[in-house]
Amino acid sequence: MDLNALRAAMRAIPSRERQIITMYYFKDATMKEIGDAIGVNESRVSQLHARAITRLRASMRQYS
């Protein structure tokens, strides 16, 4: 995986989704902890996470 491509893909998604991805994968926060931090429930965090992953995958396809 090209880290520069991942960085570019992360910059391309909305900031709230970027925050969720960062907290979940790089800070090992749970969905509940993320929800508490951004003011939404756990279910909404899960929805936003899924949307962010979809956007990242689509963006990463451009670089492969």
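Refer to the structure above for everything that follows.
Residues numbered from 1 in each chain as written. Predicted model: local features only at pLDDT ≥ 70, side-chain atom pairs only at ≥ 80, totals over all residues. Heavy atoms only, no water.

### Considering the pattern of salt bridges
Note the threshold: A carboxyl oxygen of Asp or Glu within 4 Å of a side-chain nitrogen of Lys or Arg is what we treat as a salt bridge. The numbering of helices and of strands both runs from the N terminus, where a helix is a DSSP run of H or I of at least 4 residues and a strand a run of E of at least 2.
Scanning all chains against the criterion turns up three salt bridges. We note a salt bridge from R55 to E17, for which the minimum N-O separation is 3.0 Å. Highlighted residues: R55 in helix α4 (residues 42-61) and E17 in helix α2 (residues 15-26), separated in sequence by 38 residues. Across the pair K32 and D36 runs a salt bridge whose closest N-O atoms are separated by 3.4 Å.

### Looking at α4
Convention followed: One less than the residue count of a helix, multiplied by 1.5 Å, gives the span that helix is expected to have. Note on classification: 1.4 Å probe, protein chains only; a residue is buried when its accessible area is under 20% of the maximum for its type, exposed when over 50%, partly exposed between these limits. To be clear, the arc concerns the directions from the helix axis to the C-beta atoms. Between two residues, a contact is recorded if the distance between any of their heavy atoms is within 4.5 Å. Polar contact is the term for a pair of N or O atoms within 3.5 Å; when the atoms are in protein, one must be able to donate a hydrogen and the other to accept it, and sequence-neighboring residues count only if both atoms are side-chain atoms.
Over its 20 residues, α4 runs 29 Å from end to end, which matches the ideal 28 Å to within 8%, given 1.5 Å per residue. Residues V45, L48, H49, A52, I53, L56 and S59 constitute the buried set of α4. For α4, the buried positions fall inside an angular range of 145 degrees around the axis, keeping them on one side. Projecting away from the buried face of α4 at angles above 90 degrees are the exposed residues T54, R57 and R61. Buried positions along α4 lie against α1 (3-12), α2 and α3 (31-38). Its side-chain oxygen at 3.2 Å from the backbone nitrogen of S43, N41 defines the N-terminal cap of α4.

Read these as spatial facts, not as claims about activity.
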